[in-house]
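Below, each chain spelled out in residue letters.
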Amino acid sequence: MKRNRKNLIIILSFFFCLPCLRAQDVLPSHSLASEAMADNDTLYLYSQRTDTVSVPFVALPAAFRQVRENALTDSIDILKPFWEKLRLLRLGTSTDTLRIVHVGDSHIRGHIFPRTTGELLQQTFGAISYTDVGINGAFCVTFTRPDRIWEIAALHPDLLILSFGTNESHNRRYNAQLHYHQMDELVRMLRESMPGIPMLMTTPPGSYESTRQSRRRRTYKINPRTAITVQTIHRYADENGLAVWDMYEILGGIHRACLNWQEAGLMRPDHIHYMPEGYHLQGELLHQALLKAYNDYVDY
């Protein structure tokens, strides 16, 4: 009996001496294998990390046919310095505001197209300044004046986007050689004023030309010179180290670009300019193309 009582006292003493543990108590801290690996900046783990961004889906109208992949062309990586600045901005290692200046004709002067792109880039990367400098009825040669070059240079762009071609193509005496020379004059002046600044050219979206049949009636046909203008822009960019975003070919080219916009109800009655929804779509598509090119850079 005494032995049983003694054993009971020993057992009870053992339990009272144990630390007081509860189900909700935190377990002792220790590093999990996965956490330890995440802290080790090995080359293998570095190769698995990525700085890419999500590329938004852009819904095209049901009327759009024969569209191509939305991508820009940069055969000599002229935009590489800009992508690197974007990468550093996204990582938070740079606090500088990146400045994009978009120069062009009435499509740019209307603000909706460039500002849509700018606002979306700001949502993606943060400190982006996107300024549009457009003139109604402008040709690229319109900006080959010292005061206008100075105005652009004073904005200190990290990327310069040039959007011309609609008004050039509406000249019924369009001359590809003259157009090439005018682009060259503009780019030369810009490069002299802003050495090393990467430039991106865009092509016109497409338009119609009209013929007056009577005082009250006009007929419209697709402008046949737009395709030649686009080819000239490509040739100049390829031969002089500029990137190109070919909106015209991406959205149908000579066979469907104009019809796509018109059948979707996104062209104004003048068959040259676009409804606000049309310009907004153009801005979304340029934003998407820029993000794709950025991802290609950081994935390389």
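Thresholds, definitions, all that
Residues numbered from 1 in each chain as written. Predicted model: local features only at pLDDT ≥ 70, side-chain atom pairs only at ≥ 80, totals over all residues. Heavy atoms only, no water. Helix = DSSP H or I, 4+ residues; strand = E, 2+ residues; numbered from the N terminus. Buried < 20%, exposed > 50% of the residue type's maximum accessible area, 1.4 Å probe, protein only. Polar contact = N/O pair within 3.5 Å; in protein donor to acceptor, adjacent residues only side chain to side chain. Pairing = 2+ DSSP bridges. Axes fitted to C-alpha atoms, helices over the stretch in contact; angles between N-to-C directions. Contact = heavy atoms within 4.5 Å. Expected span 1.5 Å × (residues − 1). pLDDT = per-residue confidence, 0-100. Parallel < 35°, antiparallel > 145°, perpendicular 65-115°, else oblique. Left-handed = near helix turned anticlockwise from the far one by under 90°. Nonpolar A, V, L, I, M, F, W, Y, C, P; charged D, E, K, R; others polar. Core = buried A, V, L, I, M, F, W, Y, C linked by side-chain atoms within 4.5 Å. Salt bridge = Lys/Arg side-chain N within 4 Å of Asp/Glu carboxyl O.

### Concerning the side chain of Asp132
Here comes step 1: Checked against the element boundaries, Asp132 lands in strand E2 (residues 128–134).
Here comes step 2: What makes Asp132 buried here is its relative accessible area of 13%.
Here comes step 3: A polar contact is formed between the side chain of Asp132 and the side chain of His111, at a distance of 2.8 Å.
Here comes step 4: A polar contact of 3.0 Å, which involves the side chain of Asp132, links it to the side chain of Arg115.

### With respect to the sheet that holds E2
Here comes step 1: An order of E2-E1-E3-E4-E7 is seen for the 5 strands of this open sheet, with the pairing classed as parallel. Of all the strands in the sheet, just E2 and strand E7 (243–245) have a single pairing partner and so form its edges. Pairwise comparison of adjacent strand axes, ignoring direction, gives a mean angle of 20° for this sheet.
Here comes step 2: Where strand E1 (residues 98–104) lies against strand E3 (residues 159–163), 5 bridges are found, and the strand directions are parallel. Of the residues in E3, the one forming a bridge with Val101 is Leu160.
Here comes step 3: Along the sheet, helix H9 (residues 176–193) makes contact with E3 and strand E4 (199–202), crossing E4 at roughly 155°.

### Quick look at H9
Here comes step 1: In this model, H9 (18 residues) spans 26 Å end to end at C-alpha, consistent with the 26 Å of a helix rising 1.5 Å per residue.
Here comes step 2: Looking only at H9, the buried set comprises His179, Tyr180, Gln182, Met183, Leu186, Val187, Met189 and Leu190.
Here comes step 3: Summarising the contacts, the buried residues of H9 are in contact with helix H7 (146–153), E3, helix H8 (166–169), E4 and helix H10 (226–240).

### As for the confidence of the model for the chain
Here comes step 1: Across the chain, the average pLDDT comes to 86, with 82% of residues at or above 70.
Here comes step 2: Scored below 50 in pLDDT, residues 8–49 makes 6 contacts in the model with residues more than four places away or belonging to other chains.

### Side note on unusual backbone geometry
Here comes step 1: Of note, the phi angle at Asp77 is positive, near 55°, even though the residue is not glycine.
Here comes step 2: As for its placement among the helices and strands, Asp77 is situated in the loop between helix H3 (43–48) and helix H4 (80–91).
Here comes step 3: One non-glycine residue, His271, lies in the positive phi region at around 65°.
Here comes step 4: Structurally, His271 is set in the loop between helix H12 (253–263) and helix H13 (276–299).

### Notes on the packing of helix H6 (residues 112–125) against H13
Here comes step 1: Two elements in contact, H6 and H13, have axes separated by 7 Å at closest approach and are oriented at 40°. Taken together, the axis directions place H6 and H13 in an arrangement best described as oblique. Where H6 crosses over H13, the two elements pack in a sense that is right-handed. Residues Ile112, Phe113, Thr116, Thr117, Leu120, Leu121, Thr124 and Phe125 of H6 pack against Pro276, Tyr279, His280, Gln282, Gly283, Glu284, Leu286, His287, Leu290, Leu291 and Tyr294 of H13.
Here comes step 2: When grouped by side-chain class, the residues that make up the contact of H6 with H13 number 11 nonpolar, 7 polar and 1 charged.

### Side note on H10
Because each turn of an α-helix spans 3.6 residues, side chains separated by three or four positions in sequence point in the same direction.
Here comes step 1: Over its 15 residues, H10 runs 21 Å from end to end, which matches the ideal 21 Å to within 8%, given 1.5 Å per residue.
Here comes step 2: When we look at burial in H10, the residues that qualify are Thr226, Ala227, Thr229, Val230, Thr232, Ile233, Tyr236 and Ala237.
Here comes step 3: Structurally, H10 contributes buried residues whose contacts are with H8, H9, E4, E7, helix H11 (247–250) and H12.
Here comes step 4: Just downstream of H10, Gly241 is the residue with a positive phi angle, here 70°.

### As for the nonpolar core
Here comes step 1: In terms of nonpolar packing, the biggest core is built from 41 residues, with Leu86, Phe125 and Trp245 touching the most fellow members.
Here comes step 2: Looking at which element gives the most residues to this core, the answer is H13, with 10 residues.
Here comes step 3: Leaving out residues up to four positions away in the same chain, Leu86 has contacts with Leu98, Phe125, Ile128 and Tyr294.

### Describing the pattern of salt bridges
Here comes step 1: One pass over the full model with this rule turns up 11 salt bridges.
Here comes step 2: As a salt-bridge pair, Glu209 and Lys221 come within 3.8 Å of each other at their nearest N and O atoms. Of this pair, Glu209 sits in strand E5 (residues 208–212) while Lys221 is found in strand E6 (residues 218–222), placing the two residues 12 residues apart along the sequence.
Here comes step 3: For Glu209, a relative accessible area of 5% gives the class buried.
Here comes step 4: Residues joined by salt bridges that share partners form a network here, namely Arg172, Glu209, Lys221 and Arg225.

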